[in-house]
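# Chains, contacts and geometry: an overview
The lines below spell out each chain.
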Amino acid sequence: MTRRKKGSFGAAMAKGADKTADVPTRVNLHADRMEAVAEAQEIVRTVTRAVDPDDCVPWEDHDRVNENIGHAELRELIDDLIAQNEGHNHIPAEVRPIDPRKPDGPKYEIVVGLRRWLAIKWLRENNYPQFKYLVKIKSMTDEEAFRFSDLENYQKQDIAPYSRAIKYKKALKKYYHNNQGELAKRLNRSEGWFSQVLRLADLPTDIINAYANLHDLKIHHAPPVLKLLEDDRTRPLVIAKAKELAKLHNERAEKGEAALKGPAVLKALQDSATQPKTKNVGPISTYGKAGKGPLIAVDSKNANRVKITLALGTGATKADAISAFRDALAEHYK
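Computed from a predicted model, the values in this text were never measured in an experiment.

### Considerations on the overall build of the protein
Within the protein one finds 12 helices and 9 strands. Counting over 334 residues, the protein shows a buried share of 41%. Counting contacts in the protein only where the partners sit at least 6 residues apart, residues at least 24 apart contribute 69% of the total. Carbon and sulfur atoms make up 51% of the accessible area of the protein, which amounts to about 19100 Å² in all.

As C-alpha cells, this is what we get:
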C-alpha cells in the first residue's frame with residue numbers, strides 16, 4: 001500500500017514548468033445552454049495538453065477565490081483520480097495562455113478546474129509524482145473568461161453563494177459599468193435574481209466571519225441582517241454578536257466540536273438585536289433648548305426614515321423650533 005504524506009495546500013499556489021506535445025481537438029461547449037453566452041458556446045479550436053501543474057496559476061477572478069479548499073474538501077476527488085489510474089484528471093480543466101513575453105513565470109491561468117488542479121498538486125506532493133494536469137488551452141479576454149467560468153460553474157452546488165456574489169460584484173464594476181441590467185442580459189438571467197445574490201456582497205466582514213462554513217451563508221440570510229445593520233441602534237448589537245460567534249467557532253474548532261450551522265447563526269444575529277444593552281436609552285441627538293430639555297430630539301434613524309420629537313408648550317418660539325429643525329436636517333438628511 002502506498003504511504004501518503006501530509007500535503008500543503010498553501011504550497012499549491014507555487015509556480016513551475018513542464019512541456020508536452022500539443023493534441024489538437026474540437027470541443028462543443030453545450031450549445032443548448034444560455035443564449036447570452038453564445039460566444040462561449042461556439043465550437044472552438046482548442047489544444048488539449050497534459051502539463052505540470054506548476055505551469056499553471058489560478059485566474060485572479062476564479063469562482064472559488066473566497067473559499068478555503070483543503071484536503072478534506074478534495075478527498076473524494078483525490079480518491080477518484082487514483083482509482084481511474086490515468087495519470088491525470090479525466091475531465092480537462094479550461095485554461096488560457098499567459099503573455100508569452102513573460103517566459104520565467106507560469107504559462108497558463110486556470111479559468112475552470114481549480115479543484116482538479118489542487119488535487120493533482122496534492123497527489124504529486126504525496127507519492128504520485130507521475131500525475132499531470134490535463135487542460136484545454138484557449139484564448140479568452142477577461143470578460144469572456146468570466147462568462148465562460150460562470151456558464152461552466154452555474155449549476156455546481158459546491159460553490160458558496162457568497163463567492164458568487166463577490167464575483168458578480170467585481171464583474172459588474174469591471175466589465176459592465178455597474179449596469180446590473182447589462183450583467184443580467186449577458187448571462188441570460190433575471191435582474192431580480194442578481195439583486196438578491198448581490199446583497200450578500202454588501203455584508204461586512206464581521207458578519208461573514210460569523211459563519212464557520214461559507215456555504216452556510218445563504219442568499220435569504222442577507223435581507224434580514226442588512227435591515228438590522230441599517231439601523232443605528234441594532235447595528236452595534238449585531239456586529240458584537242457576530243464577533244462572539246466567530247470566537248465561539250474558533251474555540252469549538254480547537255476542541256474538535258461542531259460549529260453552529262447557518263440557520264442557528266442567522267437566528268443568533270437576529271435575536272441579538274432584540275436584547276437591549278441598557279434601559280431608558282435616550283435620543284440619538286438633540287437640538288435647541290426647551291426649558292430643561294431639548295426642543296427637538298432625534299429618537300431613531302434607519303435607511304428610510306428619521307423619527308423626531310418636537311417639544312411643545314415650553315415657551316420656545318417658532319423661530320427657535322425652525323432653527324433647531326434646520327440643525328437636525330443638516331445632520332441627518334444627506
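Next comes the rest of the write-up.
### A closer look at the pattern of salt bridges
Applying the stated criterion across every chain yields a total of 17 salt bridges. Put simply, E143 and R147 hold a salt bridge, and the shortest N to O gap is 2.8 Å. In this pair, E143 and R147 both sit in helix α4 (residues 142-153), 4 residues apart, roughly one turn of the helix. Overall, E143 belongs to the buried group, its relative accessible area being 16%. In this structure, E143 engages R186 in a salt bridge whose closest nitrogen and oxygen atoms are separated by 3.4 Å. With E143 in helix α4 and R186 in helix α6 (residues 180-187), the pair connects residues that are 43 residues apart, well separated along the chain. Via salt bridges that share partners, E60, D61, R96, E109, D142, K170 and K174 belong to a single interconnected network.

### Some thoughts on helix α10 (residues 235-255)
Its 21 residues give α10 an end-to-end C-alpha distance of 31 Å, which sits within 8% of 30 Å, the value for a rise of 1.5 Å per residue. Burial in α10 covers these residues: L237, V238, I239, A242, L245, A246 and H249. Against the buried residues of α10 lie α8 (205-209), α9 (222-230) and α11 (262-272). Positive backbone phi, approximately 75°, marks G256, located one or two places after α10.

### Some details on the packing of helix α2 (residues 71-84) against helix α3 (residues 114-125)
Helix-helix packing: each pair is described by the crossing angle between the helix axes and the interaxial distance. Put simply, α2 and α3 touch, their axes get as near as 9 Å, and they point 75° apart. Taken together, the axes of α2 and α3 are roughly perpendicular relative to one another. Between α2 and α3, the contacting residues are H71, E73, L74, R75, L77, I78, L81 and I82 on the first element and R115, R116, L118, A119, I120, W122 and L123 on the second. Considering only residue class, the contact of α2 with α3 consists of 10 nonpolar, 1 polar and 4 charged.

### Describing the pairing of strand β7 (residues 285-290)
Looking along a regular strand, one sees side chains alternate from face to face of the sheet. Pairing between β7 and strand β8 (residues 293-301): 5 bridges, direction antiparallel. Following the sheet pairing, T286 is matched in β8 by A297.

### Quick notes on a nonpolar patch on the surface
On the surface, a nonpolar cluster with roughly 480 Å² of combined accessible area is contributed by V306, I308, F325, L329 and Y333. Looking at the nonpolar patch, the elements with two or more residues in it are β9 (306-310) and α12 (318-332). Residue placement: Y333 occurs in the segment after α12. Exposure remark for Y333: the relative accessible area of 67% places this residue in the exposed category.

### As for the sheet that holds β9
Across the sheet, 3 strands lie side by side as β7-β8-β9; this open sheet has antiparallel pairing. The open sheet has two edge strands, β7 and β9, and neither has a second partner. Across the sheet, the mean angle from the axis of one strand to that of its neighbour is 20°, orientation sign disregarded. Sheet strands in contact with α12 are β7, β8 and β9, and its direction is about 30° off that of β8.

Cut-offs applied
- Residues numbered from 1 in each chain as written.
- Predicted model: local features only at pLDDT ≥ 70, side-chain atom pairs only at ≥ 80, totals over all residues.
- Heavy atoms only, no water.
- Helix = DSSP H or I, 4+ residues; strand = E, 2+ residues; numbered from the N terminus.
- Buried < 20%, exposed > 50% of the residue type's maximum accessible area, 1.4 Å probe, protein only.
- Contact = heavy atoms within 4.5 Å.
- Areas by Shrake-Rupley, 256 points an atom, 1.4 Å probe, with all protein chains shown as cover.
- Salt bridge = Lys/Arg side-chain N within 4 Å of Asp/Glu carboxyl O.
- Expected span 1.5 Å × (residues − 1).
- Axes fitted to C-alpha atoms, helices over the stretch in contact; angles between N-to-C directions.
- Parallel < 35°, antiparallel > 145°, perpendicular 65-115°, else oblique.
- Nonpolar A, V, L, I, M, F, W, Y, C, P; charged D, E, K, R; others polar.
- Pairing = 2+ DSSP bridges.
- Patch = residues over 30% accessible without salt bridge, like charges linked within 9 Å, V, L, I, M, F, W, Y side chains within 5 Å.

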